[in-house]
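Observations on chain architecture
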Amino acid sequence: RWLRQHESVEKLNMHAILSASAGQEQLLTELLVTYTKIPVLVGELISVEIWKHKVFPVLCRLEDFKPRSTFPIYVVLYHEASIINLLETVFFYKEVCESAEDSILDLIDYCHRKLTLLAARSAKGQTVTPAVLVPPQELQKQAEAMEFEIALKALSVLRFITDQVESLPLSALTRMLSTHNLPCLLVELVEHCPWSCREAGKLKKFENGTWHEVPPEDQVKMTKLDGQVWIALLNLLLSPECQRKYHFDGFNRNQLLKLRVFLTDVLVDQLPNLVEMQRFLSHLAVTEPAPPKKDLVLEQVPVIWDHILKKNAGKWEAIAKHQVKHVFSPTDEELKLQARRWAETYSLDMMEALAPDKPRCRVCGTEAAKRCSRCRNEWYCSR
């Protein structure tokens, strides 16, 4: 049953990517909103995250667990990556963000946890790999590499959430600014830039799922990940509502002023909105902002993480042993069936079935390349 659910998520993920590349993602986003599936996806995301923290380490420590294939465990690890990738694709839309309702608090907490791990990485962010890996070590290495990419997806999701600060619940804003102090965390990411490193004197950056060497002429070029951090900072610091709620005390003020070093003319030319950030920081350097008003507010708190932890407290080892016996020790026939279903999910026929039809001109019916900028629904072959 769970594998069928994973297949459905993976098909949704592929459909979202194909639709986004064709500019026809409205149908999928409308369905996710109409059937209130965003809270379901957030709940599933946090469930897998907790499994990775509580059950997966126990599995790797079990001496009698010697699986013939690590494929079933890898599928569970990959499930988190599939969900966060799907959320990254659809959270660009305001209605999707709003449809998360109370689960937006859990998603903000999730993104904060991932970004905290990302900020804590070393400059290179990679460990030495042993020459020969036994299955538990191999799985842990795969999980570590996957965790880095998941954190980068979480950064994009958080940036899309900050795009909607005006329509977010009051508790979501309080959680981002006061509980987690996300502006200071984003400053850490600007400072240490975990997706960039130097190796043998050459600059490498992580982009599009891989590390690649950056030629000298492109070293000052802003990457998509750099842009996500700066846009999130713009949203959190320049919004009037955020400025009213954020506490610009001595520590926060000093942390934010570190950004002035990075706001070079070359960077501002690539993202002109950063001129407003320069002005804000210059003003912050010579003034003492008033502390936020302490309003009496009944604050909502995220419930998914705490509910799962309380429900399964003290049962993690028992859960791991049960899963070893009933889930992660499949017979040869079951492994073949799982592999066949996995191959079918990624077959060309399946991708063609998931790919949306090419848009047609509303007037003449031929293939269209231009979409109406006002309604975003109708397509035309020419102006």
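Within every chain, residues take consecutive numbers counted from 1 along the sequence as written. With the structure being a predicted model, the display of local features is reserved for residues of pLDDT at least 70 and the display and counting of side-chain atom pairs for 80 or more, all residues being used for whole-chain, interface and lining totals. In computing side-chain properties, one takes all heavy atoms of the structure into account and sets aside hydrogens as well as water.

**A few points about the overall build of the protein chain**
Only DSSP runs of H or I with at least four residues qualify as helices, and only runs of E with at least two residues qualify as strands; both kinds are numbered from the N terminus onward. Along its length, the protein chain carries 19 helices and five strands. Taking all 383 residues of the protein chain together, the buried fraction comes to 45%. To measure how exposed things are, a 1.4 Å probe is used in the Shrake-Rupley method; for residues, cover is taken only from the protein chains shown. A total of about 20900 Å² of accessible surface is found on the protein chain, and carbon and sulfur atoms cover 54% of it. Residue burial is assigned from relative accessible area. The probe radius is 1.4 Å, only protein chains are included, and a residue is buried under 20% of its type maximum, exposed over 50%, and partly exposed in between.

**Digging into the nonpolar core**
By size, the foremost hydrophobic cluster in this structure holds 102 residues, and its most contacted members are Phe91, Ile104 and Leu107. If you tally residues by element for this core, the top one is helix H8 (residues 135-162), at 13 residues. We call a set of buried residues a nonpolar core when its members are Ala, Val, Leu, Ile, Met, Phe, Trp, Tyr or Cys and they connect through side-chain atoms within 4.5 Å of each other.

**Considering the environment of Asp163**
Note on placement: Asp163 falls in the loop between H8 and helix H9 (170-179). Spatially, the C-alpha atoms of Asp163 and Leu234 are 9.4 Å apart, while their sequence positions differ by 71 residues. Setting aside residues up to four positions removed in sequence, Asp163 forms contacts with Ile231 and Asn235. Here, two residues are considered to be in contact whenever any of their heavy atoms come within 4.5 Å of each other.

**Some remarks on the pairing of strand E3 (residues 210-213)**
Two strands pair if DSSP finds at least two bridges between them. In this structure, strand E2 (residues 202-207) lies alongside E3, joined through four bridges in antiparallel fashion. Each residue of the ladder has a partner; that of Phe206, found in E3, is Trp211. With antiparallel pairing between neighbouring strands as the criterion, E2 and E3 make up a hairpin whose turn holds two residues, including Asn208 at a positive phi of roughly 55°.

**Some words on the side chain of Glu44**
Looking at the element boundaries, Glu44 is found in helix H3 (residues 38-54). Discounting residues that sit within four places of it in the chain, Glu44 has contacts with Trp2, Gln5, His79 and Ile83.

**Quick word on the confidence of the model for the protein chain**
Scored by pLDDT, the protein chain comes out at a mean of 85, with 88% of its residues at no less than 70. Counting contacts from residues 123-134, a segment whose pLDDT is below 50, to residues more than four positions away or on other chains yields 14 contacts. The pLDDT score gives, residue by residue, the confidence of the prediction method on a 0 to 100 scale.

**Quick look at the packing of helix H5 (residues 71-90) against helix H18 (residues 332-345)**
Helix-helix packing is described using two parameters, namely the angle between the two axes and the distance between the axes. Axis definition: a line fitted to C-alpha atoms, over the contacting stretch in the case of helices. Angles run 0 to 180 degrees between N-to-C directions. As a packed pair, H5 and H18 sit with axes 11 Å apart at the nearest point and diverge in direction by 40°. Taken together, H5 and H18 sit at an angle that is classed as oblique. Note on element contacts: H18 touches H5 through Leu335, Gln338 and Trp342, opposite Phe71, Pro72, Val75 and Tyr78. Looking at the contact of H5 with H18, its residues break down into six nonpolar, one polar and no charged. What sets the label is the angle itself: under 35 degrees gives roughly parallel, over 145 gives roughly antiparallel, 65 to 115 gives roughly perpendicular, and the rest give oblique. Three classes are used, and their members are as follows: Ala, Val, Leu, Ile, Met, Phe, Trp, Tyr, Cys and Pro are nonpolar, Asp, Glu, Lys and Arg are charged, and the others, Gly among them, are polar.

**Things to note about unusual backbone geometry**
Of note in this structure, Thr36 is not a glycine but carries a positive phi near 45°. As for its placement among the helices and strands, Thr36 is situated in the loop between helix H2 (26-34) and H3. Residue Thr36 is classed as partly exposed on the basis of its relative accessible area, which comes to 44%.

**A short note on the packing of H3 against helix H7 (residues 103-119)**
Direction vectors running N to C along H3 and H7 enclose 35°, while the axes themselves pass 10 Å from each other. Between H3 and H7 the crossing geometry is left-handed. Residues Pro39, Val42, Leu45, Ile46 and Glu49 of H3 pack against Ser103, Asp106, Leu107, Tyr110, Arg113 and Lys114 of H7. The residue makeup of the contact of H3 with H7, split by class, is six nonpolar, one polar and four charged. The hand of a helix crossing depends on one turn: near helix anticlockwise from the far one by less than a right angle means left-handed, and clockwise means right-handed.

**Regarding the state of the cysteines**
Pairs of cysteine sulfur atoms within 2.5 Å are what we label disulfides. Under the defined criterion, the tally for this structure stands at zero disulfides. Lacking any disulfide linkage, Cys193 is separated from the closest cysteine sulfur, that of Cys197, by 9.6 Å. A relative accessible area of 16% places Cys193 in the buried class. With a relative accessible area of 7%, Cys197 lands in the buried category.

**What to know about the packing of aromatic side chains**
Note on ring pairs: Phe, Tyr and Trp rings are taken, using the six-membered ring of Trp, and paired if centres are within 6.5 Å. Classes follow the plane angle, with under 30 degrees stacked, over 60 edge-to-face and the rest tilted. Summed over all chains, the structure comprises ten aromatic pairs. Put simply, the rings of Trp51, Phe56 and Phe328 pair up and form one aromatic cluster. The criterion for a charge sitting over a ring is simple: Lys NZ or Arg CZ within 6 Å of the ring centre, and within 35 degrees of the ring normal. Positioned above the aromatic ring of Trp305 is the side chain of Arg113, whose terminal nitrogen or guanidinium carbon lies 4.0 Å from the ring centre.

**Thoughts on H7**
Each helix should span, by expectation, one fewer than its residue count multiplied by 1.5 Å. Counted at 1.5 Å a residue, the expected span for H7 with its 17 residues is 24 Å, and the 24 Å between its end C-alpha atoms agrees. Counting buried residues in H7 gives 15 out of 17 residues, a clear majority hidden from the surface.

**What to know about the pattern of salt bridges**
Any carboxyl oxygen of Asp or Glu within 4 Å of a side-chain nitrogen of Lys or Arg constitutes a salt bridge here. This structure, assessed with the given rule, holds 16 salt bridges. The salt bridge involving Lys52 is made with Glu147; its shortest N-O contact spans 2.7 Å. In this pair, Lys52 is assigned in helix H3 and Glu147 in helix H8, connecting sequence segments 95 residues apart. By relative accessible area, which is 17% here, Glu147 ends up buried. Among the ionic pairs, Lys204 bridges to Glu199, the shortest N-O distance being 2.9 Å. Among the residues examined, Lys204 registers a relative accessible area of 23% and is labelled partly exposed.

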